[in-house]
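# Structural description and commentary
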Amino acid sequence: MTLRVTNALHLGSPVDLLVTGERVTTLTPAGRQPAPAGCEVFDAGGLVLMPSFIDAHTHLREPGFEYKEDIASGLAAAAHGGFGAVMCMANTNPVNDAASVTRFMLDRARQSHPHGPRLYPVAAATAGLEGEAMSPLAELREAGCVAVSNDGRPVGNAELLRRIMEYAADLDLIFIDHCEDPHLARGWKMNEGAVSGLLGVKGQPVVGEAMQAARDIMLAEYLGLPVHIAHVSAKLTLDVIAWGKERGVRVSAETCPHYLLLDESAIDGYNTAAKVSPPLRTSRDREALRKALKDGLIDILVTDHAPHAPHEKETTLDEAPGGITGLDLALGLTWGLVCENVISEAELQRLWHHGPAEIFHLPRNDFAPGDPADFFLMDPDELWTPTPETLYSKSCNTPFLGQTLRGRVKHHWISGRRVV
Ligand SMILES: [Zn+2]
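Residues numbered from 1 in each chain as written. Predicted model: local features only at pLDDT ≥ 70, side-chain atom pairs only at ≥ 80, totals over all residues.

Next up on the list: unusual backbone geometry. For residues other than glycine, phi is negative in most cases, and the peptide bonds are mostly trans. Here the residue pair E62 and P63 is connected by a cis peptide bond, since its omega of 5 degrees sits within 30 degrees of zero. Here P63 is to be found in the loop between strand 6 (53-58) and helix 1 (71-81). Residue P117 is reached from G116 by a cis peptide bond, and omega for that bond is 5 degrees. One non-glycine residue, N7, adopts positive backbone phi at about 65 degrees. On the basis of neighbour count, N7 is assigned to the partly exposed category, with 17 C-beta atoms found within 10 Å. At R61, a residue that is not glycine, the phi angle is positive and equals roughly 70 degrees. Turning to its location among the elements, R61 is positioned in the loop between strand 6 and helix 1. Judged by the 27 C-beta atoms lying within 10 Å of it, R61 falls in the buried class. (Helix = DSSP H or I, 4+ residues; strand = E, 2+ residues; numbered from the N terminus. Buried ≥ 20, exposed ≤ 12 C-beta atoms within 10 Å, placed from the backbone.)

Quick look at the structure:
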């Protein structure tokens, strides 16, 4: 089957896209080539064309916590949010530390979304995420995992971490580290600083993140292996990553929309919707992260989509779990950064598509002949207000609820098939 998308805007220029089956045939300036006979024509009406985003860090909660989210609802949120591929973390119940769990996740994805978004499970680095014994990484790789992480339960034991990094590299799996010193960070509710002092709640200092990142980067250099630093929240961590990159260490890093748009003041008034791990930091950290998107210190954006049920978040700051949902809102939140000239449209595509495809060796769409036809059309000017009714995720624990966003996904194709 052949599809021709006409009258789309790509990086500011009007284009026509021709797709045959699951692949891109050509992307040409608008009106240059006549439509092949018999092809389906879709008039984009001036909407913006982008490659489907890839989210390298989500929590889909299935198996075990389906009341928060399941693979079907999480992938529905992904499809509507412009994501053609999603990497899901291992902190399910049971933990994804066995091939049977990976296969179960992939089966659930195939059943609920046979045409995508594609699901790429991340293997638990240690059995039960307990930080004691390494998971059977070879069988997890064989079952379909694309990366390894102990996300949510940082590995304190550096000797074990070394073996995980070595073993993962042998299997061509990227190690993703949630950097948090397990002792310094214990019992925290928010960033340690002026606001935690005012509220009288226990904070987590930025050194708790930065020193683990420094440990990982030193190990990566010593071993000559890659490491990926998850959800960077602090300027100090960026300084450490800059040091590693200058030395030629194969370190890559991600951050999330909430660290670019909010700071610790969002939690003032004991707002549990803004409690997240790692915590929102200061406005200085936020500005440094925005700059790091431009200069390449931050390689990719991720949502760290972390759904929680209302009864879990509607409690005290002490008891509420950390986490913000993100799949539905990521495009609207980060298109706002393009509108504000914080990043360019090309940088947005690099951060959400080309970067993660490269780091995790996933299919990549440069709109070149033969590339996977994973793309969406967005309205760059549509203003909309997220409410629980407009979100596809089962949970809506986001501090951006009720705020006006600019930019929304209107149509989405994965492998040449319309999914939205
Ligand atoms: Zn994490």
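Having seen the model, we can carry on.
Within soluble globular proteins, side chains that are nonpolar tend to cluster in buried spots. V122, A147 and V148 are the most contacted members of the largest nonpolar core, which has 124 residues in total. Setting aside residues no more than four positions away along its own chain, V122 makes contact with M87, C88, M89, A90, C145, A147, V148, S149 and I176. (Core = buried A, V, L, I, M, F, W, Y, C linked by C-beta atoms within 7 Å. Contact = placed C-beta atoms within 7 Å.)

Moving on, we get to the sheet that holds strand 7 (residues 83-88). The strand order across the open sheet formed by eight strands is 6-7-8-9-10-13-14-15, and the pairing between neighbours is parallel. In this open sheet, the two strands that pair with only one neighbour each are strand 6 and strand 15 (300-301). Along the sheet, helix 4 (residues 158-170) contacts strand 9 (147-149), strand 10 (174-177) and strand 13 (227-229); its crossing angle with strand 10, the most-contacted strand, is approximately 145 degrees. (Pairing = 2+ DSSP bridges. Axes fitted to C-alpha atoms, helices over the stretch in contact; angles between N-to-C directions.)

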